[in-house]
Amino acid sequence: MKGVLLACLGGAFLTLQGTANAAIGASIGTWQAAALTQGIGFLAAALLVWMSCDRTWRNIKQVKPVYRFGGAFAAFIIFSNIVSIHHNGAALTVSAVLISQIAATLIMEKLGWFGGKRLSLKPSQWAGFGCMIAGILFLTFG
């Protein structure tokens, strides 16, 4: 249950962040907004690590180098969300992001990327994914 609650909070904060980033981007520029957001996010995360006295970050050498660059994706994520919100509004942007996240996750799990267990979806599960897409489209365009 804790994981579901945190996922819901994360989704809500992602929407709030996207809307705030769009406002920041309108004032100072899109890439500047991405840099500002990531910089503040880094400082907040570093402060939380420091406050928790957790020293596991010292194990960074155990992380595969390719995974260390995951944060670099955030720059493009922020940029694309800012531009999309300016062009399409927050609701359509969040809907498109959600569909893309679900599709990408299913593909990655189906292929067993990142050492995960290969996903095997039943036809009913594919139908459920289709219903989710249809529901988001109806909410956005209906």
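Note that this is a predicted model, so its numbers are computed, not measured. (Residues numbered from 1 in each chain as written. Predicted model: local features only at pLDDT ≥ 70, side-chain atom pairs only at ≥ 80, totals over all residues. Heavy atoms only, no water.)

(A) Layout of the overall build of the protein. Tallying secondary structure elements over the protein gives 6 helices and 0 strands in all. Order of helices (α) and strands (β) in the protein, N terminus to C terminus: α-α-α-α-α-α. Structurally, the protein occupies a C-alpha span of about 45 × 40 × 30 Å along its principal axes. For the protein, buried positions account for 17% of its 142 residues. Contacts spanning at least 24 positions in sequence make up 57% of the contacts within the protein whose residues lie at least 6 apart. (Helix = DSSP H or I, 4+ residues; strand = E, 2+ residues; numbered from the N terminus. Buried < 20%, exposed > 50% of the residue type's maximum accessible area, 1.4 Å probe, protein only. Contact = heavy atoms within 4.5 Å.)

(B) Examining the packing of aromatic side chains more closely. For the structure on display, the rule yields 2 aromatic pairs. Seen from their ring centres, tryptophan 31 and phenylalanine 79 are 4.4 Å apart, and the 10° between their planes marks the pair as stacked. With tryptophan 31 in helix α2 (residues 30–52) and phenylalanine 79 in helix α4 (residues 72–88), this residue pair connects regions lying 48 residues apart in the sequence. With a centroid separation of 6.3 Å and 75° between ring planes, the pair formed by tryptophan 126 and phenylalanine 129 is classed as edge-to-face. (Phe/Tyr/Trp six-rings, centres within 6.5 Å; stacked < 30°, edge-to-face > 60°.)

(C) The confidence of the model for the protein, seen in detail. Scored by pLDDT, the protein comes out at a mean of 88, with 100% of its residues at no less than 70. Per-element confidence in the protein is highest for α2, whose mean pLDDT is 93, and lowest for helix α3 (residues 65–68), whose mean pLDDT is 82. (pLDDT = per-residue confidence, 0-100.)

(D) Looking closely at the side chain of threonine 93. The residue threonine 93 is located in helix α5 (residues 90–111) in this model. Those residues in contact with threonine 93, other than ones at most four positions away along the chain, are Asn81, Ser84, Ile85 and Asn88.

(E) Seen up close, a nonpolar patch on the surface. Side chains of Ile60, Val63, Val66, Tyr67, Ile107, Leu111, Trp113 and Phe114 sit close together on the surface and give an oily, nonpolar patch of about 800 Å² of accessible area. Of all the elements in the fold, those that place two or more residues in the nonpolar patch are α3 and α5. As for its placement among the helices and strands, tryptophan 113 is situated in the loop between α5 and α6 (123–141). (Patch = residues over 30% accessible without salt bridge, like charges linked within 9 Å, V, L, I, M, F, W, Y side chains within 5 Å. Areas by Shrake-Rupley, 256 points an atom, 1.4 Å probe, with all protein chains shown as cover. Salt bridge = Lys/Arg side-chain N within 4 Å of Asp/Glu carboxyl O.)

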